[in-house]
Amino acid sequence: MIPQTFDYTAPATLDQALALIAQGAKPLAGGMSLIPMMKLRLAAPEHLVDIGRLKELNYIREDAGALHLGAGCTHYEVETSPLLRGKCPLLSETAAHIGDVQVRNMGTIGGSIAHADPSADYPAALQALEAKIVLRGAQSQRTVAASAFFLDTFATALEPGEIVSEIIVPVEEAGAGASYQKMAQPASGFAIVGVAARLRRSGGKIAMARIGVTGLAGRSFRATAAEKALENTAGSAAEIQAAAALVAQGVEANSDLHASAEYRKHLAAVYAGRALFAALARTA
Amino acid sequence: MATTITRPKTLIGKAIRRREDPRLITGTATYVEDIKMPGMHYAVVVRSPHAAAKIRSIDTSKAAARPGVVAIFTGQDVSKVGPVPCGASLPGLRVPNHTILATDRVYYAGHPVAVVVATDRYIAADAADDVEVDWEVLKAVADPLKALEPGAPAVHPQWPDNKAFDFHQEHGDIDKAFAEADVIVKQRILSQRLIPTPMETRGVVAEWRAADRALNLYSSTQIPHLLRSMVAQMLGLEENRLRVVAPEVGGGFGCKLNVYAEEALMGFVAMKINKPVKWIETRRENYLTTIHGRGHVDDYELSAKRDGTITGIKLRIIQDLGAYHQLLTPAIPTLSVLMMPGLYKTQNIFADIVGVFTNCVPTDAYRGAGRPEATHGIERMVDILAAELKMDPAEIRLKNFVQPNEFPFPTATGLIYDSGDYAAPLKKALDIAEYEKLRREQSESRKQGRLMGIGMSAYGEICAFGPSPATPAGGWESATVKIEPSGKVTVLTGTSPHGQGEETTFAQIAADELGVDIDDVLVVHGDTALVQYGIGTFGSRATAVGGTAVYFALQDLKAKIKKFGAMLLNSDDVTLANGQCIDNKTGASKSVQEIAAASYRAMQLPPNTEPGMVSTHFWEPPNFTFPFGAHLVVTEVDRDTGAVKVVRYIAVDDCGNILNPLIVTGQVHGGVAQGIGQALYEQAVYDEAGQLITGELMDYAVPKAHMLPWIESDHTVTPTPVNPLGVKGVGEAGTIGCSPAVVNSVVDALSPLGVKHIDMPMTPEKIWKLIRSAQ
Amino acid sequence: MKISGSQRLPFPPDQSYALMQDPEALARAIPGCESLEQTGENEYRMKMKMALAAFSGAFEGKVRISEQQPPSSFRLDVEGSGKIGFVKGGGVLKLEPSETETVVNYDGDVQVGGTIAAVGQRLIEGAAKSMIQRFFEKLAAS
Ligand SMILES: Cc1cc2nc3c(=O)[nH]c(=O)nc-3n(C[C@H](O)[C@H](O)[C@H](O)COP(=O)(O)OP(=O)(O)OC[C@H]3O[C@@H](n4cnc5c(N)ncnc54)[C@H](O)[C@@H]3O)c2cc1C
């Protein structure tokens, strides 16, 4: 790779990293999105701060009914964490869909969501999980909901000087089932459309439905109309199909070389249906 | 010494592991990028972002001012360097002047306009960004059909119709065939533009030895000797002062069967700055400026009798040539015409080619080069005919095949098919698939509303290029075999393999013929200073032509071994077997190693015999070879999304004798992977302004391992009489047989919906739209 | 590539129209605009820095306004080039009153070349739309 000249710092602590980032340095995590951009000279950061090696950002732990993931967890770690697999399998399942094994070994969850590629996989799951995202600056810390974090194509709630430091997802309740289904773009592996669904049944009814969608529009989102349509139904095939059909309604869909807006909307309904059926089958 | 070694001739036909693999797998092979030289400089090429523009001026002052920048050259500076050569000639061919750097105008996005040379590659890249070109942007045309429309922007202003050539060939009585036909089927069939995508991009290191007036050029090429002759000519250098080395070459697929501007340009730069210089192509440059493949719009018509007998084929090819002719650009579609009858008997053909200039990178040879297009066309048409006649696609093929007793078979296009039993691989594929049962399964699955397809292709291809009268630069190949004084064997081959495994297969041939251990044989290639001369590796020729040259050099050497052996054994009746020269009367023997040593010591020489144990043979093939085979593909289409799943892939290939089944299977696998790439995923897309929008691997979908099916590879063996090894060639077969079988299968899956044809790549969206419009 | 859509400005059409011809207001509203300098009647030279997450690049180019029919429509052409390629766009903006506000309907063509065309294809439409959105938001705030 022949990027433009840049400085590189690998600080020992998160505080040191945040101090440099406050001065305008750019965080480097797994480098799976940033390095290709630099290689093509589409990005020319003057100073890179390597946060990918910080132990402080690399943990997965359970605390008070929620799971806390350091932003530096690689996709592979998320995919294979026994804790996540047991208590929030949707996130592990989603991580397994990302790119190829090399990318999963290097790329991080923090980097993926900070980058906010409209076709990235995690956002669908994080929307469906109603995840919280902890943002830290040198002097600040705040927590935003996933629904308020992803703003637009490559645009997030991150302010200059802030990084994603932690992702918080709920421990799935007993009886819940979830699934992530995607059509992969054949060249890159990114989602043409990806849908994450979470369902909980209680007393023969769907007590809770959460649907997160990625790839369809400029940003990931929760398909609330479809969720509402499903809640308090018995979850029959017809009810699921009807709800799935609502996922793309009113959405201004992306269109590119790989899929037109019309096809994406169609796929969103198909994959929503598949994710919902799979999630339902997993509810106890 | 009377030790008897029982070493029968056993290597040929065995699955010997590739001897080149350890260095490839451990990452220790030497590619151009791995070459380092003291004082090495780095070059970056400044390229046009526009597909068509005039250059008003180029300002290099800012770039030149960067510390570390040593030189910048533009089109004016290299005006004495000869044009990038086109080796193909056709009557009336228009050949644009293809200078190595643009002078006043650019013709495609990526067109080189300047080269920046610096002490390191980062400085060179930064400085290249600083070169300012004042462009007058012109209208471009990227689509060959639009380029043919009146009033289209002229790619080359001197030829406003954008035509480079018209080519016509016919045979038999096509009008009669069509007039008397019971049925005529027509279809437009596209073979999209593809990007070859070798793992290793191109790269050049040039080193000028001023004192010797000698240029060393290291290039990732398939044709070191041809490159030497042509670059020498471009640079005005005697070719014996130019040494070309193709070090490890990480794939070519035809795209390195070429002479590129950068090869001469780096030679020029090295000579100017008197320092070694390296240029390594980025992936993005590779996509923009290394040749693409295919780019056909084919209009087919087939005439036939009601019983399925094909009586005539009409074909009109519109070939997207791109902006220039690279080495073989205009010749590629003529290969499609040569192979247009496929494996079928018909003697009535009528073909037209229109070669069209577009503001795109040139097309040229890509794995199969002209034959995949032809095979795709005829094999689609046969299926369309079968559907029209409600015949089984296997039956219609069996009916029209050239029969085993008809060889050598003269085709309507002037070729002589060497040998074949075309029904054999098709029947074998049908057996493996349990065809009847599969069809029953299909009708069951259709009842359940599933879209299952069964498709096949029976392909023939032309390989072992080729007799010299039919091959522009010469079609022979050369080999030198030496037994060194120590008894070790060196094989120098003029073919320059780059992944095909000839370091293994040629060693097998030598070890068997001489009765020596395979580990005592070294195969050397790719260096014009070491290897006598050669043509190169392309057109599935390396083993059939280059291997045969090795075989004949070995025969000469064996005769010499016997002469020396007889002398040493004081016998006039000796046999050479298992590495021993044996006196048939006494049983006394001398080993090949002992004999070689004696031949160099030369204490005594047989009559009329030179010292040493070296033999060189240049072999001229009497004909091409014509491998064939049948592929059968089972697919299932997802009704909701249009996604195609290849459920089974059966490839039965006949490439003549098989020297090493492991390597043959590997070639089939790789070929099929690229065929599936074309059928389902790949397409080079230019927008209307001539911007390549599949400009990186993020958007150009080369299939990855998980996107490919398990390939059930099998063979029939029909040796060719063309060469003593009986081998035909297998490098391209997989690609050629694949795409029509996949498309036929998917069309079959969708046939209940009335779908008759689908163009490649069969993307899910395309299929979904077909399903939807049928509903 | 065609780009069309509509945006709102919280001013009556004549005021909206005037704002969109005012170089200072434009300079403030064009995302990443670093300078906008008049070079002729209705012609400007612009320097801008585009930044979208990891993706950034400096552009230099021209802005031209033509076919002016105040307060209902005009044509805007922008072209810029930088190390990572070039962007050329043009289109007609139509202003319609809507109560006290203005609805601006735009309809145009965007063409990109160079590296951004090769790798950004899937992102350009989204990026263009979000830039347009930001442009109108900033204009609305002026
Ligand atoms: C071949 C390939 C295939 C891929 N396929 C997929 C796929 O199928 N699905 C998918 O979702 N993704 C895919 N990706 C993207 C991959 O998941 C990346 O790893 C991810 O998008 C970025 O994570 P990273 O850790 O590599 O971040 P980096 O590349 O290091 O950084 C990306 C951006 O985020 C910023 N950043 C990084 N970490 C933080 C942080 N903690 N806080 C704030 N800003 C931060 C950086 O400054 C930079 O702007 C693919 C990538 C490649 C190369």
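So, how was this worked out
Residues numbered from 1 in each chain as written. Chains lettered and ligands numbered in written order. Predicted model: local features only at pLDDT ≥ 70, side-chain atom pairs only at ≥ 80, totals over all residues. Heavy atoms only, no water. Core = buried A, V, L, I, M, F, W, Y, C linked by side-chain atoms within 4.5 Å. Buried < 20%, exposed > 50% of the residue type's maximum accessible area, 1.4 Å probe, protein only. Contact = heavy atoms within 4.5 Å. Near = heavy atom within 4 Å. Polar contact = N/O pair within 3.5 Å; in protein donor to acceptor, adjacent residues only side chain to side chain. Areas by Shrake-Rupley, 256 points an atom, 1.4 Å probe, with all protein chains shown as cover. Helix = DSSP H or I, 4+ residues; strand = E, 2+ residues; numbered from the N terminus. 1 Å grid on protein atoms, 1.4 Å probe; cavity = no way out; pocket = protein on both sides within 12 Å on 5 of 7 lines; lining within 4 Å. Points joined across faces, edges and corners; volume = space filled by probe spheres on them. Nonpolar A, V, L, I, M, F, W, Y, C, P; charged D, E, K, R; others polar. Pairing = 2+ DSSP bridges. Axes fitted to C-alpha atoms, helices over the stretch in contact; angles between N-to-C directions. Salt bridge = Lys/Arg side-chain N within 4 Å of Asp/Glu carboxyl O. Parallel < 35°, antiparallel > 145°, perpendicular 65-115°, else oblique. Left-handed = near helix turned anticlockwise from the far one by under 90°. Buried area = accessible area lost by both parts, 1.4 Å probe.

J.: Please provide a residue-by-residue account of the nonpolar core, values included.
T.: The biggest cluster of nonpolar side chains holds 140 residues, and the ones touching the most others in it are Ile 100, Val 115, Met 266, Leu 385 and Leu 632 of chain B. Among residues more than four places away in sequence, those in contact with Leu 385 of chain B are Val 183, Val 185, Leu 302, Ala 304, Gly 308, Ile 310 and Ile 396 of chain B. Ranked by size, the runner-up nonpolar core spans 46 residues in total, among them Met 20, Val 63, Leu 95 and Tyr 106 of chain C.

J.: Break down the site of the ligand for me, with residues and values.
T.: Surrounding the ligand, one finds 32 residues, the nearest of these being Pro 27, Gly 31, Leu 34, Thr 108 and Asp 121 of chain A. Residue neighbours of the ligand fall on chains A and C, so the site bridges chains. Contact between the ligand and Gly 30 of chain A: an oxygen atom at 2.8 Å from a main-chain N or O atom of the residue. Within the contact set of the ligand, an oxygen atom lies 2.6 Å away from a side-chain nitrogen or oxygen of Thr 108 of chain A. Relative to its free-state accessible area of 960 Å², the ligand is covered by the protein chains to the extent of 93%. Counting only elements with at least two residues in the shell around the ligand, the list comes to β2 (26-28), α7 (109-115) and β10 (163-170) of chain A.

J.: Explain the environment of Ser 745 of chain B to me, and be specific about the residues and the numbers.
T.: Residues and elements named next belong to chain B. Secondary-structure assignment places Ser 745 in helix α18 (residues 733-750). C-alpha separation for the pair Ser 745 and Ala 264, spaced 481 residues apart in sequence, amounts to 46 Å. Not counting residues within four places of it along the chain, the set of residues in contact with Ser 745 comprises Gly 453, Ile 454, Gly 455, Val 633, Val 634 and Thr 635.

J.: Tell me what's going on with empty space enclosed by the protein, and back it up with residues and numbers.
T.: Residue and element names in this part refer to chain C. What the rule picks out here adds up to five cavities of 30 Å³ or more. Around the largest cavity sit 40 residues that line it, and Val 78, Val 87, Val 110, Met 131 and Ile 132 are the ones nearest its centre. If you list the elements that add at least two residues to the lining of the largest cavity, you get β3 (43-52), β4 (55-69), β5 (73-82), β6 (85-98), β7 (101-113) and α3 (115-140). The leading source of residues in the lining of the largest cavity is α3, at ten residues. Taken together, the residues of the lining of the largest cavity sort by class into 29 nonpolar, seven polar and four charged.

J.: Tell me about the sheet that holds strand β23 (residues 580-583) of chain B, residues and numbers included.
T.: All names here are of chain B. As summarised here, the arrangement of the three strands in space is β22-β23-β24, forming an open sheet in which the pairing is antiparallel. Every interior strand has two partners, whereas the edge strands, β22 (574-577) and β24 (589-591), have only one. Across the sheet, the mean angle separating the axes of adjacent strands is 20 degrees when strand polarity is ignored. Bridge count between β22 and β23: four bridges; the pairing is antiparallel. Within β23, the position partnered with Val 574 by the bridge is Asp 583. Running at roughly 75 degrees to β24, helix α16 (residues 592-601) makes contact with β22, β23 and β24 of the sheet.

J.: Outline the environment of Ala 29 of chain C, listing residues and values.
T.: Residues and elements named next belong to chain C. Locating Ala 29 in the fold gives a position in helix α2 (residues 23-29). Separated by 19 residues in the primary sequence, Ala 29 and Pro 10 place their C-alpha atoms 15 Å from one another. Apart from residues no more than four positions distant in its own chain, Ala 29 is found in contact with Arg 134, Phe 135, Lys 138 and Leu 139.

J.: Residues and numbers for the pattern of salt bridges, please.
T.: Counted according to the given criterion, the structure contains 69 salt bridges over all chains. The shortest N-O distance in the salt bridge between Arg 41 of chain A and Asp 129 of chain B comes to 2.8 Å. Linking Arg 41 of chain A in the loop between α2 (34-39) and β3 (47-50) with Asp 129 of chain B in helix α3 (residues 121-130), this pair reaches from one chain into another. Where Glu 732 of chain B meets Arg 371 of chain B, a salt bridge forms, and the shortest distance between an N and an O atom there is 2.6 Å.

J.: Lay out the side chain of Asn 254 of chain A in plain terms, naming residues and giving numbers.
T.: Residue and element names in this part refer to chain A. Along the chain, Asn 254 turns up in the loop between α11 (237-246) and α12 (261-282). The class of Asn 254 is buried, set by a relative accessible area of 17%. A polar side-chain atom of Asn 254 sits 3.0 Å from the main-chain carbonyl oxygen of Ala 217. When near neighbours in sequence (up to four residues on either side) are disregarded, Asn 254 contacts Pro 118, Gly 215, Leu 216, Ala 217, Gly 218, Ala 259, Ser 260, Ala 261 and Arg 264.

J.: Lay out the packing of helix α10 (residues 371-389) of chain B against α18 of chain B in plain terms, naming residues and giving numbers.
T.: Residue and element names in this part refer to chain B. As a packed pair, α10 and α18 sit with axes 8 Å apart at the nearest point and diverge in direction by 30 degrees. The orientation of α10 with respect to α18, classified from their angle, is roughly parallel. Crossing handedness for the pair α10 and α18: right-handed. In contact with Arg 371, Pro 372, Thr 375, His 376, Glu 379, Arg 380 and Asp 383 of α10, α18 contributes Ile 736, Ser 739, Pro 740, Val 743, Asn 744 and Val 747. When the residues that make up the contact of α10 with α18 are grouped by side-chain class, the tally is five nonpolar, four polar and four charged.

J.: Summarise the pairing of strand β26 (residues 628-637) of chain B; cite the residues concerned and give the values.
T.: Residues and elements named next belong to chain B. Counting buried positions along β26 gives nine out of ten residues, so the element sits mostly inside the fold. Examined bridge by bridge, β26 and strand β27 (residues 644-654) share ten bridges and lie antiparallel to one another. Pairing of His 631 across the sheet is with Ala 651, part of β27. Count of turn residues in the β26/β27 antiparallel hairpin: six residues, of which Gly 642 carries a positive phi of about 85 degrees.

J.: Please provide a residue-by-residue account of the interface of chain C and chain B, values included.
T.: Chain C puts twelve residues into the contact, and the matching count from chain B is 15 residues. Summing the contributions of chain C and of chain B, the shared interface buries around 1000 Å²; its carbon and sulfur component is 56%. Viewed at the interface, chain B and chain C are joined by one salt bridge. In this structure, Asp 130 of chain B engages Lys 83 of chain C in a salt bridge whose closest nitrogen and oxygen atoms are separated by 3.9 Å. Counting every contact that joins chain C to chain B gives three residue pairs in polar contact (both at pLDDT 80 or more). Within the residue set of the side of chain C that touches chain B, elements represented by two or more residues are β7 and α3 of chain C. Broken down by element, the side of chain C that touches chain B gets its largest block of residues, six residues, from α3 of chain C. Grouping the amino acids of the side of chain C that touches chain B by side-chain chemistry returns five nonpolar, five polar and two charged.

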